[in-house]
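Summary of structural features
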Amino acid sequence: LSAMEHLIAELHFLTSLDLPDFALHPEPVDIAALLQEYMVTQQADAKWGDRVLVMETSEAGELIWTLDALRMVRVLDNLFANALRFTQPGDTIALGWRRGANSRQEELEITVRDTGKGIHEDMMEEILERTKTLYKARTTGQDDSRGLGLSIVGGIVEKHGGRVW
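Residues numbered from 1 in each chain as written. Predicted model: local features only at pLDDT ≥ 70, side-chain atom pairs only at ≥ 80, totals over all residues. Heavy atoms only, no water.

A short note on the confidence of the model for the protein chain
Per-residue confidence for the protein chain gives a mean pLDDT of 83, with 83% of residues at or over 70. Least confident of the elements in the protein chain is helix H4 (residues 135-138), whose mean pLDDT is 46; most confident is strand E1 (residues 27-30), at 96. Across residues 134-142, where pLDDT falls below 50, the model places 14 contacts with residues more than four positions away in sequence or in other chains. (pLDDT = per-residue confidence, 0-100. Helix = DSSP H or I, 4+ residues; strand = E, 2+ residues; numbered from the N terminus. Contact = heavy atoms within 4.5 Å.)

A look at the packing of aromatic side chains
Overall, the coordinates contain three aromatic pairs when judged by the stated rule. Each ring, one from phenylalanine 13 and one from phenylalanine 22, has its centre 5.8 Å from the other, and the planes form 80°; the classification is edge-to-face. Under the relative-accessibility criterion, phenylalanine 22 is labelled buried at 15%. Considering the side-chain rings of tryptophan 48 and phenylalanine 80, the 5.6 Å spacing of their centres and the 85° angle between planes classify their relative orientation as edge-to-face. Taken together, the residues tryptophan 48 in the loop between helix H2 (31-43) and strand E2 (52-56) and phenylalanine 80 in helix H3 (residues 69-85) connect sequence positions 32 residues apart. Note on tryptophan 48: relative accessible area 3%, which makes it buried. Ring-pair connections join several aromatic residues into one group, and the members of that group are Tyr38, Trp48 and Phe80. The lysine or arginine in question, arginine 74, covers the ring of phenylalanine 13, its NZ or CZ lying 3.9 Å from the ring centre. One cation-aromatic arrangement involves arginine 163 over tryptophan 165; the distance from NZ or CZ to the ring centre is 3.9 Å. (Phe/Tyr/Trp six-rings, centres within 6.5 Å; stacked < 30°, edge-to-face > 60°. Buried < 20%, exposed > 50% of the residue type's maximum accessible area, 1.4 Å probe, protein only. Lys NZ or Arg CZ within 6 Å of the ring centre and 35° of its normal.)

Structure (structure tokens):
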């Protein structure tokens, strides 16, 4: 796709997340297997250059969770794209998961962590806003981001009943 076609497709998808008839296709998924397969695929991709991609989890065995696997891969793609944009060769990008439990229900936490410059804490609330780009605060290089990726991440995660932080 051309850059313009990609932008239009992203805007269309982001807008569709707000529609009442937007549907997820949840199914039972082994989270450990899904994330391991995602990581193996990423590790085989030359675009990562000299960045170090690692799995981080203290969990063992499978954890079956009901979610839309294709949408979750899109979340991971967007988070990894940001990690690539804001890290340098030699930096680490880690993917992990862990179980949690609050007083009402069991929780699943999926993490994408990198050793790049990061986002200042007072800007964290803003990163999910549509068309909000914070790259000027993170890097001195030029960036072609349009601020849609993290909004899409937030929308998909919210449709699953989760939150991003």
